[in-house]
Amino acid sequence: SRYYREVLPGEIVKISRHDVQTLDVVRRPEGDPSAFCIFEYVYFARPDSIFEGQMVYSVRRRCGQQLAIEAPVEADLVSTVPESATPAALGYAQKCGLPYVEVLCKNRYVGRTFIQPNMRLRQLGVAKKFGVLSDNFKGKRVVIIDDSIVRGNTISPIIKLLRESGAKEVHIRVASPPIRFPCYMGINIPTKEELIANRPEFHDLANYIGADSVVYLSVEGLVSSVQESIKARQDNNPKTKSFIGKLGHCTACLTGDYPVELEW
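Predicted model only: the values in this text are computed from it and were never measured.

Here is what the cut-offs are and how they apply
- Residues numbered from 1 in each chain as written.
- Predicted model: local features only at pLDDT ≥ 70, side-chain atom pairs only at ≥ 80, totals over all residues.
- Heavy atoms only, no water.
- Helix = DSSP H or I, 4+ residues; strand = E, 2+ residues; numbered from the N terminus.
- Buried < 20%, exposed > 50% of the residue type's maximum accessible area, 1.4 Å probe, protein only.
- Core = buried A, V, L, I, M, F, W, Y, C linked by side-chain atoms within 4.5 Å.
- Contact = heavy atoms within 4.5 Å.
- Salt bridge = Lys/Arg side-chain N within 4 Å of Asp/Glu carboxyl O.
- Phe/Tyr/Trp six-rings, centres within 6.5 Å; stacked < 30°, edge-to-face > 60°.
- Axes fitted to C-alpha atoms, helices over the stretch in contact; angles between N-to-C directions.
- Parallel < 35°, antiparallel > 145°, perpendicular 65-115°, else oblique.
- Left-handed = near helix turned anticlockwise from the far one by under 90°.
- Nonpolar A, V, L, I, M, F, W, Y, C, P; charged D, E, K, R; others polar.
- 1 Å grid on protein atoms, 1.4 Å probe; cavity = no way out; pocket = protein on both sides within 12 Å on 5 of 7 lines; lining within 4 Å.
- Points joined across faces, edges and corners; volume = space filled by probe spheres on them.

Enquirer: Got a minute to help me understand unusual backbone geometry in this structure?
Expert: When glycine is set aside, most residues are seen to have a negative phi, and most peptide bonds are trans. Of note, the bond from Pro 82 into Glu 83 is cis; its omega dihedral lies within 30 degrees of zero at -10°. Position of Glu 83 relative to the elements: it lies in the loop between β6 (77–80) and α3 (86–96). A positive phi angle, close to 50°, is found at Glu 52, a residue other than glycine. Residue classification places Glu 52 among the buried residues on the basis of a relative accessible area of 7%.

This is the structure:
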């Protein structure tokens, strides 16, 4: 297979063995910017996916670099929970000039933790899900990059595991802003009450999850990481503007600013 092109917003495409045909493009109201889901870049999409002419892996690495600018920390090494946040961790390490070192390895003989029916079973599942590479971090200050913290109950046992295995300090850096609002555009985000960012514990999150510090990427930092290369391409080639349209991304789950009027 080879990459052909992206489907335009509102485009109806017919793919046959002979060719690819555009049947119609449903135009958005004049002046409305596009509202591509920013969380596709953060978490949902495969790293080799291409959106708006850029690879998701590259955007995640830029998020890590931006996070290093916003939230540096005195530490000995940078790592991650395998493996969705690896690009961001590599970007953070590169920008900070710290080594990227693996501290956990996946145990491929256990199932998925998120489908466990309750929190206690999910936490037990996390402990079994990873092996600890203790020689790599014993006595050292570790920065763990995560792509998002939604409920806050899967990162806690990981921090505990690292401390018990000899980590001197464990700092958490999150390569996306806190999720605070529900998504009405089709993504199954937990209820507002379940989101850690809306709970009282969020005011002392580091203590709650057992970390030495926790810092999230800012909304502005995420948006600039996503839009940086799109803007550069538009400046170099104005024709790309007609393809992408007026630049915009949906940040509703982070800001509560929905791209459409909600009808109750």
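Enquirer: What am I meant to see in the nonpolar core here?
Expert: It is characteristic of soluble globular proteins that their nonpolar side chains tend to be buried jointly. Of all hydrophobic cores here, the largest spans 33 residues; its most connected members are Val 78, Tyr 92, Ile 145 and Leu 222. Residue assignment for this core shows that the elements contributing at least two residues are α1 (38–44), α2 (56–70), α3, β9 (141–146), α7 (219–236) and α9 (252–255). When neighbours within four sequence positions are excluded, Leu 222 is seen to be in contact with Ile 38, Val 42, Cys 63, Pro 177, Leu 217 and Leu 254. Counting 28 residues, the second-largest nonpolar core is a separate cluster that includes Phe 130, Ile 149, Ala 197 and Ile 209.

Enquirer: Just to check I follow, could you spell out the pattern of salt bridges for this structure?
Expert: As a working rule, side chains carrying opposite charge can pair if their charged atoms are close by. Inspection of every chain in the model, using the stated rule, returns seven salt bridges. Measuring nitrogen to oxygen at the nearest pair gives 2.8 Å for the salt bridge that ties Arg 163 to Asp 212. Highlighted residues: Arg 163 in helix α5 (residues 155–164) and Asp 212 in the loop between α6 (205–209) and β11 (213–216), separated in sequence by 49 residues.

Enquirer: Would you mind going over the packing of aromatic side chains with me for this structure?
Expert: What characterises a pair of aromatic rings is the spacing of the ring centres plus the angle enclosed by the ring planes. Considering all chains together, one arrives at seven aromatic pairs under this definition. Note on Tyr 41 and Phe 51: the rings are 5.8 Å apart at their centroids and 85° apart in plane angle, and the pair reads as edge-to-face. Here Phe 51 lies in strand β4 (residues 50–51) and Tyr 41 lies in helix α1, a separation of ten residues in the sequence. For the pair formed by Tyr 41 and Phe 51, the shared burial category is buried.

Enquirer: Any chance you could explain the environment of Lys 231 here in plain terms?
Expert: Here Lys 231 lies in helix α7. For Lys 231, a relative accessible area of 43% translates into the label partly exposed. C-alpha of Lys 231 to C-alpha of Leu 247: the two residues are 16 residues apart in sequence and 8.4 Å apart in space.

Enquirer: Help me understand the packing of α2 against α3, please; the structure alone is not making it clear to me.
Expert: Helices that pack against each other are described as a pair by the angle of their axes relative to one another and the distance between those axes. Between α2 and α3, the least distance of the axes is 7 Å, while the angle of their chain directions is 40°. By the angle class used here, α2 and α3 are oblique. As α2 runs across α3, the sense of the crossing is right-handed. Side by side, α2 and α3 meet where Tyr 57, Arg 60, Arg 61, Gly 64, Gln 65, Leu 67, Ala 68 and Ile 69 of the first sit next to Pro 87, Ala 88, Leu 90, Gly 91, Tyr 92, Gln 94, Lys 95 and Cys 96 of the second. Partitioned by chemical class, the residues of the contact of α2 with α3 number nine nonpolar, four polar and three charged.

Enquirer: Can you help me understand empty space enclosed by the protein in this one?
Expert: Any empty space left between atoms is shown by rolling a water-sized probe over those atoms. By the definition in use, this model includes one cavity of 30 Å³ or more. Empty space within the largest cavity amounts to approximately 60 Å³. Forming the boundary of the largest cavity are Tyr 41, Val 42, Arg 60, Cys 63, Ser 84, Ala 85, Ala 88, Asp 147 and Ala 175. Secondary structure elements with two or more residues in the lining of the largest cavity: α1 and α2. Looking at the lining of the largest cavity residue by residue, the classes come out as six nonpolar, one polar and two charged.

Such coordinate-based values are descriptive only and should not be taken to indicate function.
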